[in-house]
Number of protein chains: 2
Amino acid sequence: KCLIEGYERGHDAQSSLPTVDVEGQDISSLSDAPGGDNLPYEVQRAQEINRLFGPKGSPEAYDVIFDLHNTTSNMGCTLILESSKDHFNLQMMNYIKKAIAPASCLVLLNEHPLLKYSTSRSVAKHPVGLEVGPQPQGVLRSNIFEAMRVILKHALDFIELFNEGMEFPPCTVEVFWVSERIDYPRDANGNIIAMVHPNLQDCDWEPLNPGDPMFQTFDGKTIHYQGSGTVYPTFINEAAYYEKQQAFVTTRRETLLASAIRKA
Amino acid sequence: KCLIEGYERGHDAQSSLPTVDVEGQDISSLSDAPGGDNLPYEVQRAQEINRLFGPKGSPEAYDVIFDLHNTTSNMGCTLILESSKDHFNLQMMNYIKKAIAPASCLVLLNEHPLLKYSTSRSVAKHPVGLEVGPQPQGVLRSNIFEAMRVILKHALDFIELFNEGMEFPPCTVEVFWVSERIDYPRDANGNIIAMVHPNLQDCDWEPLNPGDPMFQTFDGKTIHYQGSGTVYPTFINEAAYYEKQQAFVTTRRETLLASAIRKA
Ligand SMILES: [Zn+2]
Ligand SMILES: [Zn+2]
């Protein structure tokens, strides 16, 4: 069972809209909350998703959900996984990367011991996020539309081959493992006092080294990255993340091993 | 008297929000409507602007209003005028263009016998729109912020020189004179069936010739421009204009003559 969902009202909604962000919450706890029309839209929607495509963790849950997003960040085609041990999904990533070469797509691994990042798509056994950018909110760009269509086609090809009994041998997959959320610099009242530095803007996935420019204050001062080593920023200047107090996330590049898989 | 206004809730608001677009209405007629809190926000705001900075057409009206916008279109720095006979504004355009060279800014002339385009800034004697892009809604980019700051600085310098009594000799100014609004192709139910063609996307101000690709349908067909001559499209794929049924506007390039001006 496979669901393809274009989910526009969640984390990519216009940041000025008052939204409850389902992706930041634990959906299994949401599903325990009492239902009813007076719950925020996103909570109702999350309960509905869990009822229709879950329940999460149960054998009846959907096998795969593709959760289609677009972003104002210059992330290109990004596939988002939630587990470094989901060999089915890692094999799918390897298949898609090979299929679209020489074009490229990157894999963001949202697995973190502290930053809980539980998504509505995670009711499925193999949740896959697809994030393509840059595209402003409220705009449809033909290049983004086409990129998404191509990635999804290869993903569905992979599932079909798997269902036909093809064996996928062990492989390695490069992933960008989420590390830290970086907020905008703020004054004592919580007001943002700086913008993403022009040297960092649009440079998603490019190395950010200690001492590199990171923010530029409104009066023109540069704020440098003070981390201990090289990181790879992404979701840089995503519109929907101002309200989540996130200018970008840092990641570390890792190579994961995917075991062979074959339909039982 | 000069007002600088960043006006985000009007034509650049998220297109999915239900808005009344003040810019499409005649503000002097709005000001005749009865006031009160049950009027839409934008109408109330327009009445307030007319009361504070007008009344439109009166000697007490503000001299200059700068109306600061940003756009999802790849328009760069665009100054928007409403009259081909406003020699003060044309001289200002000439001054700014020379001051920022070799960087460039373009002048869009929103003067049209049929397309009424009456803006809230038009309560001033010399209304100037400033439109900078591309910038997604809900995002602040340092390059856009800086470009806007530089243009505004030169505009204020010009006003200061004028107030000090400097004479500005006759000059010519290249403008892009608005010609036609082009809607997205739609089916019988009014649903959009095509996107801006990749060859046109981001090509604001570049010539569009009869036969050039203009839209791409969702099933991959190309729709070509059928006009009778070369035009210069702008506001291509602006988020806020989907609801106004406008994919882009066409303009024609003209050279205007500005008379000498000097403070009386
Ligand atoms: Zn997203
Ligand atoms: Zn605008």
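Counting from 1, residues in each chain are numbered in the order their sequence is written. All chains are assigned letters beginning at A, and all ligands numbers beginning at 1, according to the order in which they are written. The predicted origin of the model limits local features to residues at a pLDDT of at least 70 and limits the giving and counting of side-chain atom pairs to 80 or more, whereas totals for whole chains, interfaces and linings rest on all residues. Side-chain numbers come from the whole structure's heavy atoms, not from hydrogens or water.

K.L.:
What is the right way to look at the sheet that holds strand S7 (residues 194-196) of chain A in this model?
P.N.:
Hydrogen bonds along the backbone pair up the strands of a sheet, which may run parallel or antiparallel. Residues and elements named next belong to chain A. Read from one edge of the open sheet, three strands run S7-S8-S9, paired in antiparallel fashion. The sheet terminates laterally at S7 and strand S9 (222-224), the two strands that pair on one side only. Each strand axis lies, on average, 35° off the axis of its neighbour in the sheet, ignoring direction. The criterion for strand pairing is that DSSP finds at least two bridges linking the strands in question. Every helix listed is a DSSP run of H or I at least four residues long, and every strand listed is a run of E at least two residues long, numbered separately from the N terminus. Pairing of S7 with strand S8 (residues 213-217) involves three bridges; the strand directions are antiparallel. Bridging from a neighbouring strand, Ala194 pairs with Thr217 of S8. Every axis in this analysis is a line fitted to C-alpha atoms, fitted for helices over the stretch in contact. Angles between the N-to-C directions lie between 0 and 180 degrees.

K.L.:
Where do I start with the relation of the copies chain B and chain A in this structure?
P.N.:
Related by rotation about an axis and a shift along that axis, the two copies of the chain form a pair. To superpose the copies, least squares is applied to the C-alpha atoms of every residue with a pLDDT of at least 70 in both. Rotating chain B by 180° and translating it 0.0 Å along the rotation axis places it on chain A, where the RMSD comes to 0.0 Å. The superposition of one copy onto the other is thereby described by a two-fold rotation axis. Relative to the rotation axis, the C-alpha of B:Pro136 is the closest in chain B, positioned 2.3 Å from it. In this description, contact between two residues means that some pair of their heavy atoms is separated by no more than 4.5 Å. Both copies share a contact surface, since 100% of the interface residues of chain B are interface residues in chain A too.

K.L.:
Which parts of the structure should I look at to understand the sheet that holds strand S8 (residues 213-217) of chain B?
P.N.:
All names here are of chain B. Taken together, the three strands give an open sheet; going across it, the order is S7-S8-S9, and neighbouring strands pair in antiparallel fashion. This sheet does not close on itself; its edge strands, each paired only once, are strand S7 (194-196) and strand S9 (222-224). Strand-to-strand twist in this sheet, taken as the mean axis angle between neighbours without regard to direction, amounts to 35°.

K.L.:
What is the right way to read the interface of chain B and chain A from this model?
P.N.:
Quoted interface sizes are often the accessible area lost when the parts come together. Taken together, the contact between chain B and chain A spans 23 residues of the former and 23 residues of the latter. Where chain B abuts chain A, roughly 2,000 Å² becomes buried across the two surfaces, and 57% of that area is made up of carbon and sulfur atoms. What makes a salt bridge here is a side-chain nitrogen of Lys or Arg within 4 Å of a carboxyl oxygen of Asp or Glu, nothing more. Counting across the chain B and chain A interface gives two salt bridges. A salt bridge links B:Arg141 to A:Asp202; its shortest N-O distance comes to 2.7 Å. Here a polar contact means two N or O atoms within 3.5 Å. Within protein one must be a hydrogen donor candidate and the other an acceptor candidate, and residues neighboring in sequence count only if both atoms are side-chain atoms. Applying the counting criterion to the chain B and chain A interface returns eight residue pairs in polar contact (both at pLDDT 80 or more). Elements that contribute at least two residues to the side of chain B that touches chain A include exactly helix H4 (142-163) and S7 of chain B. Here the quantity called buried area is the total loss of accessible area, with a 1.4 Å probe, experienced by two parts when brought into contact, counted for both.

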